[in-house]
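For reference, the chains in residue letters:
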Amino acid sequence: MSIIVNQNSLYNAPFFQEMIETTTNLYRLGWDERNGGNISYLLHEYELLPFMNVDHVLRTVPMNFDATPLAGKYFIVTGSGKYFKNVKRDPAENIGIIRIAEDGGSYDILWGFESGGVATSELPTHLMNHIQRLTVDPNHRVIMHCHATHLLAMTFTHSLQEEDFTKTLWEMCTECIVVFPDGVGVVPWIIPGTNAIGEATATKMKETRLVLWPHHGVFGAGTTMDEVFGLIETAEKAAEVYTIVCAQGGKKQTITDQQLFDLARAFHVSPREGILKL
Ligand code: 13P
Ligand code: ZN
């Protein structure tokens, strides 16, 4: 008896597997409880064509903001109210593939979101961030949001000044300044799911690929799923170390500004201006 594997199943597509692995990992790490978190991944049409008929539209969903710069673009995206815990078991229920309409005012669902689901409630922030990052990075493709535990906790106990927050994270692990030399942006507390929080986040995304939502979570941006996951993971690890350092009674010594500067130079990265005092 031979087992027939359908090579052209969407489930075998590399981007689809990445989406499943990443949502599963985010859940495993405890950063996406219940329906917490969302991911959108910009896809090329040629990546989809071997797996599906992109002319077959299942449903069209209106949006109340202008996504014209993304007209015709495809995304695989997590569903609103869907649990990352369940993505692997039932992808068609929990994630979907969409295309932004030509007038930028709606999106077509091409696959997934079974049982009447729609894309994440944070779609305004995701699409505004994609628009912003594509203007500064033509290879940009991924926006990821999660409720990373220690970063979230730090927004209660640490100064929310971006320079202070960035400096503390850089100090907590030697590799941080190399992974995110552009530092972290911080927006004010704003109601999630709104255009207002999307606009505030996208403004920060001009300068940085990591943006904190105080008392809520973090957004990351980048060219691959691994890169964005790694970016959030590195910042979250630094926040965890900070938490432990505080619990152990606070710093007795640290990486100096001169050492951070030397590190950046050795790794050929330009640290965000105004943080290191030399
Ligand atoms: P969604 O379920 O709509 O993606 O919302 C989750 C979330 O984290 C809101 O910020
Ligand atoms: Zn959230």
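Preceding block: the structure.
Below you will find a few notes about this structure. (Residues numbered from 1 in each chain as written. Chains lettered and ligands numbered in written order. Predicted model: local features only at pLDDT ≥ 70, side-chain atom pairs only at ≥ 80, totals over all residues. Heavy atoms only, no water.)

Details of the coordination of the zinc ion (ligand 2)
Around the zinc ion (ligand 2), the protein contributes the donor atoms His145 (NE2), His147 (NE2) and His216 (NE2), which lie 2.1 Å from the metal centre. The exposure class assigned to His145 is buried, which follows from its relative accessible area of 1%. (Donors = N, O, S within 2.8 Å, 3.2 Å for Na, K, Ca; no water. Buried < 20%, exposed > 50% of the residue type's maximum accessible area, 1.4 Å probe, protein only.)

As for helix α8 (residues 195–204)
When α8 is considered as a whole, its buried residues turn out to be Ile197, Gly198, Ala200, Thr201 and Ala202. If you follow the buried residues of α8, they end up packed against α4 (123–136), β8 (210–213) and β9 (217–222). (Helix = DSSP H or I, 4+ residues; strand = E, 2+ residues; numbered from the N terminus. Contact = heavy atoms within 4.5 Å.)

Section: the sheet that holds β8
Spatially, 9 strands are ordered β2-β5-β4-β3-β1-β6-β9-β8-β7 in an open sheet, and the strand pairing comes out mixed. Each end of this open sheet is capped by a strand with a single partner; those strands are β2 (59–62) and β7 (185–186). Pairing analysis gives 4 bridges linking β2 to strand β5 (residues 106–112), with the strands arranged antiparallel. Note that in β5 the partner of Arg59 across the bridge is Ile109. Strands in contact with helix α1 (residues 14–28) are β1 (38–43), β3 (74–78), β4 (95–100), β5 and β6 (142–146); relative to β1, the strand with the most contacts, it is inclined by about 165°. Relative to the sheet, helix α9 (residues 225–247) contacts β1, β6, β8 and β9, its axis offset from that of β9 by approximately 145°. (Pairing = 2+ DSSP bridges. Axes fitted to C-alpha atoms, helices over the stretch in contact; angles between N-to-C directions.)

Some words on the pattern of salt bridges
In the structure shown here, the tally under the stated rule is 10 salt bridges. A salt bridge links Lys82 to Glu93; the shortest N-O distance between them is 3.0 Å. Highlighted residues: Lys82 in the loop between β3 and α3 (91–94) and Glu93 in helix α3, separated in sequence by 11 residues. The class for Glu93 is buried, based on a relative accessible area of 18%. The closest approach of N and O atoms between Glu171 and Lys251, which form a salt bridge, is 3.0 Å. One end of the pair, Glu171, is in helix α6 (residues 162–172); the other, Lys251, is in the loop between α9 and α10 (257–266), and 80 residues separate them in sequence. Taking the relative accessible area as the measure of exposure, Glu171 reaches 10% and is therefore buried. The class for Lys251 is partly exposed, based on a relative accessible area of 48%. Each member of the salt-bridge network shares a partner with another, and the members are Glu162, Lys204 and Arg272. (Salt bridge = Lys/Arg side-chain N within 4 Å of Asp/Glu carboxyl O.)

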